[in-house]
Amino acid sequence: MSIVLNSYMQSDVVEWRRHLHQHPELLYDVHKTASFLAEKLVAFGCDTVDTGIGQSGVVGIIKGRLGAGPVIGLRSDMDALPILENSGKPWTSKVSGRAHSCGHDGHMAMLLGAARCLAKTRNFRGAVAIIFQPAEEGGGGALAMINDGLMDRFKIEHIFGMHNEPHIPIGQFAIKKGAMLASADTFEITVNGRGGHAGQPHLSVDPVIAAAHIVIGLQSIVSRETDPLQAVVITVASIHGGDTHNVIPNAVTLSGTVRTLRSDLRDFAERRVRDLASSVAAAHGATVEISHNRGYPVTFNHDVQTDLAAAVAQSIVGSQGVNSDVHPRMAAEDFSFMLEARPGSMIIIGNGETPGLHNPAYDFNDDAIPFGVGYWVTLIQTALAV
Ligand SMILES: [Zn+2]
Ligand SMILES: [Zn+2]
């Protein structure tokens, strides 16, 4: 491993990372980022470099020199967040109100570093698809790339992803088989009553009372209807209704999120949110309109690829540096769509004691770069060994 870490490391990859950090772009509008990445992939000598996949995704193909074999996809996200950065770093964002506060700059730089090494050595069979994906932060860019033919066009058989995480030490990895991140859906419930004078409630249908019962009732789906050992989150995160103290409003709107680690519980929770909200509203003489929007599915790591990923990480940092049965998180990630399309696995790489993801003070920790590049290169050389 030391060869990879020393020869292809720090200075260039750090420079790319800081350049990307200074020029953050949002969702699908990552065209400068895509140009930067594509130019690098061409310069490294990738066999093909395609842009505009899923609007603004980039794919570079690198063929091994050791004969025929499968194509393995390595994926990095590309987009930043609408956050005003206050990291105080010399390479802070040059675009006010936008920042790489989730470390996708680091993910891109590490995958570029791996692409350079793999294109130079080609010490593997088959091929590797270097995948840069737009719109992870709520835009479903992974699905857009899949719908644009990503998997079939490049004949990708297995897929791997990586995300950094603060408070896991530098030089450590975490992974698990099965559900590692949650599904994340959103709902909006409009409770329609009949407004009127606050002093004459008997002449109205009060949507505030109905909405309050719905908020409480939704919590019983988790506490009374699901297995206590299975994770489900139902959060009502906003309530809007009424303008003043002496008028009962016509309507109240609730919105929130439903998260699970199992697709059957995801279906169950959606059904029960709908049933419970309409029944409780009806009990108060009100009606509801419900929109339940499916977001990212459960990020589900496949067994064989997760064993491989954990073994590769252990070969770099030792078994004590890899937690191969980490607790799942109730955050979500659109790499889940790629894991639904092909077998694969996502690994977490330690970012050290930095502020948390999506925090304005967050900055990707460049000390993680050698471990991330080393993981990608070793993964390909192991998975595609002769
Ligand atoms: Zn994020
Ligand atoms: Zn992220």
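So, how was this worked out
- Residues numbered from 1 in each chain as written.
- Chains lettered and ligands numbered in written order.
- Predicted model: local features only at pLDDT ≥ 70, side-chain atom pairs only at ≥ 80, totals over all residues.
- Heavy atoms only, no water.
- Donors = N, O, S within 2.8 Å, 3.2 Å for Na, K, Ca; no water.
- Helix = DSSP H or I, 4+ residues; strand = E, 2+ residues; numbered from the N terminus.
- Buried < 20%, exposed > 50% of the residue type's maximum accessible area, 1.4 Å probe, protein only.
- Salt bridge = Lys/Arg side-chain N within 4 Å of Asp/Glu carboxyl O.
- Phe/Tyr/Trp six-rings, centres within 6.5 Å; stacked < 30°, edge-to-face > 60°.
- Lys NZ or Arg CZ within 6 Å of the ring centre and 35° of its normal.
- Expected span 1.5 Å × (residues − 1).
- Arc of directions from axis to C-beta.
- Contact = heavy atoms within 4.5 Å.
- Core = buried A, V, L, I, M, F, W, Y, C linked by side-chain atoms within 4.5 Å.
- Pairing = 2+ DSSP bridges.
- Axes fitted to C-alpha atoms, helices over the stretch in contact; angles between N-to-C directions.
- Parallel < 35°, antiparallel > 145°, perpendicular 65-115°, else oblique.
- Left-handed = near helix turned anticlockwise from the far one by under 90°.
- Nonpolar A, V, L, I, M, F, W, Y, C, P; charged D, E, K, R; others polar.
- Domains from an automatic or database assignment.
- Buried area = accessible area lost by both parts, 1.4 Å probe.
- Polar contact = N/O pair within 3.5 Å; in protein donor to acceptor, adjacent residues only side chain to side chain.

1. Some details on the coordination of the zinc ion (ligand 1)
Here is step 1: Protein-derived coordination of the zinc ion (ligand 1) comes from Cys102 (SG), Glu137 (OE), Glu137 (OE) and His358 (NE2), at a distance range of 2.0 to 2.8 Å.
Here is step 2: For the zinc ion (ligand 1), the single-chain donor residues occur in sequence as C-x34-E-x220-H.
Here is step 3: In this structure the zinc ion (ligand 2) is found 3.2 Å away from the zinc ion (ligand 1), and Cys102 serves as a bridging donor for the pair. You can see Cys102 sitting in the loop between strand S3 (71-77) and helix H4 (104-121) and its partner His358 sitting in the loop between strand S16 (344-350) and helix H11 (369-383), a full 256 residues away along the chain.

2. Quick notes on the coordination of the zinc ion (ligand 2)
Here is step 1: Within the protein, the atoms that donate to the zinc ion (ligand 2) are Cys102 (SG), His104 (NE2) and His163 (NE2), at distances of 2.1 to 2.3 Å.
Here is step 2: All donors of the zinc ion (ligand 2) come from a single chain, and their spacing in sequence reads C-x1-H-x58-H.
Here is step 3: Look at His163 and you get buried, because its relative accessible area is 11%.

3. Observations regarding the pattern of salt bridges
Here is step 1: Enumeration over the complete set of coordinates arrives at 21 salt bridges.
Here is step 2: Among the ionic pairs, Asp366 bridges to Arg17, the shortest N-O distance being 2.8 Å. Of this pair, Asp366 sits in the loop between S16 and H11 while Arg17 is found in helix H2 (residues 10-22), placing the two residues 349 residues apart along the sequence. Of the two residues, Asp366 and Arg17, neither departs from the other in class, the shared state being buried.
Here is step 3: Among the ionic pairs, Asp366 bridges to Arg18, the shortest N-O distance being 2.9 Å. One end of the pair, Asp366, is in the loop between S16 and H11; the other, Arg18, is in helix H2, with 348 residues separating them in the sequence.
Here is step 4: Each of Arg17, Arg18, Lys89, Asp105, Asp363 and Asp366 takes part in salt bridges that share partners, so that together they form one network.

4. What to know about the packing of aromatic side chains
Here is step 1: Under the definition given, this model contains four aromatic pairs.
Here is step 2: Aromatic side chains Trp16 and Phe44 sit 5.7 Å apart centroid to centroid with 40 degrees between the ring planes, which places their arrangement in the tilted category. With Trp16 in helix H2 and Phe44 in helix H3 (residues 31-44), the pair connects residues that are 28 residues apart, well separated along the chain.
Here is step 3: Classification of Trp16 by relative accessible area gives buried; the value is 7%.
Here is step 4: On the basis of relative accessibility, which here comes to 16%, the residue Phe44 falls in the buried class.
Here is step 5: Both rings, one in Tyr375 and one in Trp376, keep their centres 5.5 Å apart while their planes meet at 50 degrees; by these two values the pair is tilted.
Here is step 6: Site record: aromatic cluster; members linked through ring pairs are Phe173, Tyr375 and Trp376.
Here is step 7: We note Arg18 situated over the ring of Trp91; from NZ or CZ to the ring centre the distance is 3.6 Å.

5. Brief notes about helix H9 (residues 303-317)
Here is step 1: The end-to-end C-alpha distance of H9, which contains 15 residues, comes to 21 Å, matching closely the 21 Å that a straight helix rising 1.5 Å per residue would cover.
Here is step 2: Within H9, the full set of buried residues consists of Gln305, Thr306, Ala309, Ala310, Val312, Ala313, Ile316 and Val317. The buried residues of H9 occupy one face: seen down the axis, they fall within an arc of 160 degrees.
Here is step 3: Buried residues along H9 sit in contact with strand S5 (156-165), strand S6 (173-174), strand S14 (299-301), strand S15 (322-323), S16 and H11.

6. Points about the nonpolar core
Generally speaking, soluble globular proteins have nonpolar side chains that are buried together.
Here is step 1: Formed by 55 residues in total, the largest nonpolar core has its most connected members in Leu41, Ile62, Leu74, Ile130, Phe132, Tyr375 and Trp376.
Here is step 2: By residue number, the principal contributor to this core is H4, which donates ten residues.
Here is step 3: Apart from the residues within four sequence positions on either side, Phe132 is in contact with Leu37, Leu41, Gly57, Val58, Ser76, Met78, Met108, Leu111, Leu112 and Met145.
Here is step 4: Judged by nonpolar contacts, the second largest core, of 27 residues, contains Met151, Ile168, Val326 and Met338.

7. Concerning the sheet that holds S5
Here is step 1: Pairing is mixed in the open sheet, where eight strands are placed in the order S1-S2-S4-S3-S5-S16-S6-S15. Strands with a single pairing partner mark the edges of an open sheet, and in this sheet they are strand S1 (48-53) and S15.
Here is step 2: As paired elements, S6 and S16 share two bridges and run antiparallel to each other. Paired with Ala174 across the strands is Ile348, a residue of S16.

8. Structural notes on the packing of H4 against H11
Here is step 1: Two numbers describe how H4 lies on H11: the axes approach to 8 Å, and their chain directions differ by 40 degrees. Relative to H11, H4 is oriented oblique. Considering the relative orientation of H4 and H11, their crossing is right-handed. Contact residues: Met110, Leu111, Gly113, Ala114, Cys117, Leu118 and Thr121 in H4; Ile369, Gly372, Val373, Trp376, Val377, Ile380 and Gln381 in H11.
Here is step 2: Considered class by class, the residues forming the contact of H4 with H11 number ten nonpolar, four polar and no charged.

9. Describing the domain arrangement of the protein
Here is step 1: Annotation of the protein at the domain level lists domain 1 (2-180 + 298-383) and domain 2 (183-296).
Here is step 2: Measuring from the centre of the C-alpha atoms in domain 1 to the corresponding centre in domain 2 gives 38 Å.
Here is step 3: On the domain 2 side, the residues contacting the 17 residues of domain 1 number eleven residues.
Here is step 4: Between domain 1 and domain 2, a total of about 940 Å² is buried, with carbon and sulfur atoms accounting for 72% of that surface.
Here is step 5: Its largest share of buried area at the contact with domain 2, domain 1 owes to Val298, Met330 and Ala332, together 64% of the area lost on that side.
Here is step 6: One can count five residue pairs in polar contact (both at pLDDT 80 or more) joining domain 1 with domain 2.

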